[in-house]
Protein chains: 2
Amino acid sequence: MTTSEITAARFERHRLSLAESFTISRGTTEEATVLTVELEDEAGRVGIGAAGPSAYYGETAESVEETLPALLDVATEVGDPHAQQVIEERLAETAPAEAAARAAVSIAVHDLAATQAGEPLYRRWGLDSDRPPQSSYTVPIDSPEEMRDRARRTVERGFETLKVKLGTDADRERLDAVREGAPEARIRVDANCAWTAEEAVEHTSWLADHGVEFLEQPVPADDIDGLRRVSVEGELPVAADESCVTAADVGTVADAVDIVVVKLMKCGGLRPAKRQILAAKAAGLDVMLGCMIESSASIAGACQLAPLVEYADLDGSLLLADDCYDGIVQPDGRVDLMATDSGTGVR
Amino acid sequence: MTTSEITAARFERHRLSLAESFTISRGTTEEATVLTVELEDEAGRVGIGAAGPSAYYGETAESVEETLPALLDVATEVGDPHAQQVIEERLAETAPAEAAARAAVSIAVHDLAATQAGEPLYRRWGLDSDRPPQSSYTVPIDSPEEMRDRARRTVERGFETLKVKLGTDADRERLDAVREGAPEARIRVDANCAWTAEEAVEHTSWLADHGVEFLEQPVPADDIDGLRRVSVEGELPVAADESCVTAADVGTVADAVDIVVVKLMKCGGLRPAKRQILAAKAAGLDVMLGCMIESSASIAGACQLAPLVEYADLDGSLLLADDCYDGIVQPDGRVDLMATDSGTGVR
């Protein structure tokens, strides 16, 4: 049993340019700020994680920077990276509202523990390396022409599935253009809360005509009745993202949607994500593992859970022009768990 | 990364005498039949598990014996004991109705994988050895005098909590006697489906007068409305056992009870049990980890999950006059995870 105490902890702020500007119904992003975390043990082994703060959830790079020192103190005080139950409970008590910062430390702790054991994390969890679904790649909101071209380029890169952001005043024209650029691709649509239930029900008819696979978060987060109405009256399966932040929200959406979107940065870590995934599956729902715009330092952690889910949307690091670490998502969105030597596979 | 394929698998039937006869509302047991499983790897390391079949769930020693060869074939065909996701899915496909047989193989696979890694199973799961609650000890149905004496002896052995079986024509007299024998003990009552909701609501008033902590399965398994009525109208928290067999049942009982009882022999293995525990906690319920009358070979597996739960009722092997393996539950019901050298700690 290899154990070595956590003796050093540090974090660093990185401004990372996006490969292309990124627009959803709530606004446009030109660059991402991520905060990477490193935990080092007595033997000099390093566990790596990262936070991708989300303004939607009230987080900023500054709030993460203010929070991380106390969270890193938890990790060094507990010391044993295998004491994940204890560490994550104390992280949650210390910073309940800073899920991205907690996720960064959670990922680093798990990476270090599995690295000490010389095992990939997914294997410590008994999971199957053949199981992760290929990730979708996002087509953000842009002019119809740009969206058509991006769809075409994405399919040429080897992606089989596009996640198309809608929630504008010309959604139908935009989706027509995407389908023109990618006639054979699987398409999922994410409205990021932009529609009313009535609009969403109407939209599902032309979305279904385009062979859309499912519709993510058509209505505002707190409109659970709206989600249910879109599920019942609309023509597509519905996924809950902003409406299902943690495992505790699964019961609320269980009879309203077909799919739950789990993100480490929403729920605050690997154990909370596993709880949310298993609760959703117990309720008979499918799960999509998603992400924010994030470094491979955190996406690699999410990938270790990917054998548990039906859908993957883990393109966060692929949207970056440059990244501070290498991970295990391939340029075509395949999640190559066999590339994990040990820990989460981040390098 | 230590991996060695499973090259041999065997099982054995044991008739084990009980220390004392054991009566619940459904009948009396004088001895227990358990089927132990051993999986051996190329290096001669052995993973151990056991089935405790339950007539209530349609299982017998014979049905387990008929089922185990196919389940052991799954383990040897997959080969890698770390491939737990794959193995447990194939076990469920192979024998959906034989949960105890599946649990035996699941426990042995996890024991072998963690033994190969040289780690206790709870540590591979990141759990805290300080967290398991002390197990309760069962006072089965008997004459009031015998129940009073057994309660007294049990407290003298160091147990702080009694689980009292009721569901007879003289329940109140029996509980009076137990309280006389153990004036300071924490008492939980299990009616094993014997009451109507109306009776149960009435009974909660004198149960509460005796300081009973909660009431387990007062009404028949399929009477979810009855459970809800006892929760709402009665004076005690209510636990679902027979009404909540697997993770898929958690949603059904979530608004009807306060506590879910998880047993490896009901849900069919360690991963199914974890799913049920996490689903219950996501729904805001507490969890009691329970057992049938079982060998330490299977109780030791359940103990590895005990840091996740609020209540433990893991006295199955303590009820035996003799056992075929040693485990980690102490004679006073403390779950001593630190006694786990590697694997589940069974010896």
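Residues numbered from 1 in each chain as written. Chains lettered and ligands numbered in written order. Predicted model: local features only at pLDDT ≥ 70, side-chain atom pairs only at ≥ 80, totals over all residues. Heavy atoms only, no water.

### A closer look at the overall build of chain A
Keep this limit in mind: Numbering of helices and strands starts at the N terminus; helices are DSSP runs of H or I of at least 4 residues and strands are runs of E of at least 2. Radius of gyration here is computed from C-alpha atoms only, and the compact-globule reference equals 2.2 Å multiplied by the residue count raised to the power 0.38. Buried residues are those whose accessible area, probed at 1.4 Å on protein chains only, stays under 20% of the maximum for their type, while exposed residues exceed 50% and partly exposed ones sit between those limits. Per-residue and other accessible areas were derived by the Shrake-Rupley procedure at a 1.4 Å probe size, with only the shown protein chains allowed to occlude residues. His is not counted here, nor are the chain ends, while Lys and Arg score as positive and Asp and Glu score as negative. The atoms used to mark charge sites are NZ of Lys, CZ of Arg, CG of Asp and CD of Glu.
Summing up its helical and strand segments, chain A has 12 helices and 11 strands in all. In summary, chain A has a C-alpha radius of gyration of 19 Å against a globular reference of 20 Å for 347 residues, a match within 12%. C-alpha extents for chain A along the principal axes are approximately 60 × 40 × 40 Å. In chain A, buried positions account for 63% of the 347 residues. Counting every atom, chain A has about 12,000 Å² of accessible surface; 43% of that belongs to carbon and sulfur. Separation between the mean location of the 32 positive side-chain charges and that of the 64 negative ones in chain A comes to 3 Å.

### A word on the domain arrangement of chain A
For interface size, the figure often reported is the accessible area lost on association. Residues and elements named next belong to chain A. Note the threshold: Segment limits for the domains were obtained from an automatic or database-derived domain assignment. In this analysis, two residues are considered to be in contact whenever any of their non-hydrogen atoms come within 4.5 Å of each other. Defined here as a combined quantity, buried area equals the accessible surface (1.4 Å probe) lost by two parts on assembly, summed across both. Criterion for a salt bridge: a side-chain nitrogen of Lys or Arg within 4 Å of a carboxyl oxygen of Asp or Glu. Here a polar contact means two N or O atoms within 3.5 Å. Within protein one must be a hydrogen donor candidate and the other an acceptor candidate, and residues neighboring in sequence count only if both atoms are side-chain atoms.
Split into domains, chain A comes out as domain 1 (6-118) and domain 2 (123-339). Placing a centre on the C-alpha atoms of domain 1 and another on those of domain 2 gives a separation of 23 Å. In this complex, domain 1 contributes 39 residues to the contact, which on the side of domain 2 involves 41 residues. Interface area, domain 1 with domain 2, both sides summed: about 3,100 Å², of which 63% is carbon and sulfur. Between the two partners, domain 1 and domain 2, sit three salt bridges. One salt bridge in this structure joins Arg 150 and Glu 20, with 3.1 Å as the shortest N-O distance. Linking domain 1 with domain 2 are 13 residue pairs in polar contact (both at pLDDT 80 or more).

### Topic: the environment of Ser25(B)
All names here are of chain B. Along the chain, Ser 25 falls in the loop between strand 1 (6-24) and strand 2 (27-41). Using a relative accessible area of 26% as the deciding quantity, one classes Ser 25 as partly exposed. Measuring from C-alpha to C-alpha, the distance between Ser 25 and Asp 332 comes to 26 Å, with 307 residues separating the pair along the chain. Those residues in contact with Ser 25, other than ones at most four positions away along the chain, are Ile 141, Leu 166, Gly 167, Ala 191, Asn 192 and Ala 194. Polar contacts involving the side chain of Ser 25 include one to the main-chain carbonyl oxygen of Ala 191, which spans 3.3 Å. At 3.2 Å, the side chain of Ser 25 and the backbone oxygen of Asn 192 are in polar contact.

### Observations concerning the sheet that holds strand 5 (residues 161-165) of chain B
All names here are of chain B. To keep it simple, the criterion reads: A pair of strands is treated as paired once DSSP finds two or more bridges between them. Fitting a line to C-alpha atoms yields each axis, with helices limited to the stretch in contact; the angle taken between N-to-C directions then spans 0 to 180 degrees.
Judged by pairing direction, the sheet is parallel, and its eight strands sit side by side in the order 4-5-6-7-8-9-10-11 without closing on themselves. Two strands bound the open sheet, and with one partner strand each, they are strand 4 (137-139) and strand 11 (311-312). Pairing of strand 7 (residues 215-216) with strand 8 (residues 238-240) involves two bridges; the strand directions are parallel. The residue of strand 8 that forms the bridge with Leu 215 is Val 238. Against the sheet, helix 5 (residues 144-156) makes contact with strand 4 and strand 5, and its axis sits at roughly 165° relative to strand 4, the strand it touches most.

### As for the sheet that holds strand 1 of chain B
Residues and elements named next belong to chain B. Read from one edge of the open sheet, three strands run 1-2-3, paired in antiparallel fashion. This sheet does not close on itself; its edge strands, each paired only once, are strand 1 and strand 3 (46-51). The average undirected angle you get between the axes of adjacent strands in this sheet is 20°. Note: strand 1 against strand 2, 14 bridges, orientation antiparallel. Among the inter-strand pairings, Ala 8 is bridged to a residue of strand 2, identified as Glu 40. Of the strands in this sheet, strand 1, strand 2 and strand 3 are in contact with helix 1 (residues 61-78), which crosses strand 1 at around 150°.

### Comments concerning the relation of the copies chain B and chain A
The relation between the two copies of this chain is a rotation about an axis and a shift parallel to it. Cut-off, in case you're wondering: Superposition of the copies used a least-squares fit over C-alpha atoms from residues whose pLDDT is at least 70 in both.
Superposition of chain B onto chain A requires a rotation of 180° combined with a translation of 0.0 Å along the rotation axis, giving an RMSD of 0.0 Å. Within this description, the copies of the chain are treated as partners about a two-fold rotation axis. Taking the C-alpha atom as reference, chain B places Ala279(B) closest to the rotation axis, 2.1 Å from it. Residue by residue, 100% of the interface of chain B is reproduced at the interface of chain A, so both copies engage with the same surface.

### Comments concerning the pairing of strand 5 (residues 161-165) of chain A
All names here are of chain A. Among the five residues of strand 5, five are classified as buried, and the element is accordingly described as predominantly covered. Of the two faces of strand 5, the one lined by Thr 161, Lys 163 and Lys 165 and the one lined by Leu 162 and Val 164 are each fully buried. Where strand 4 (residues 137-139) lies against strand 5, three bridges are found, and the strand directions are parallel. Within the sheet, the bridge partner assigned to Val 139 lies in strand 5 and is Val 164.

### Here's the deal with the interface of chain B and chain A
The interface is formed by 29 residues belonging to chain B together with 29 residues belonging to chain A. Summed over both partners, the interface of chain B with chain A comes to about 2,500 Å²; 45% of that surface belongs to carbon and sulfur atoms. Taken together, chain B and chain A are joined by six salt bridges. Counting across the chain B and chain A interface gives 16 residue pairs in polar contact (both at pLDDT 80 or more). Elements supplying a minimum of two residues to the side of chain B that touches chain A: helix 2 (84-94), helix 4 (121-124) and helix 11 (270-282) of chain B.

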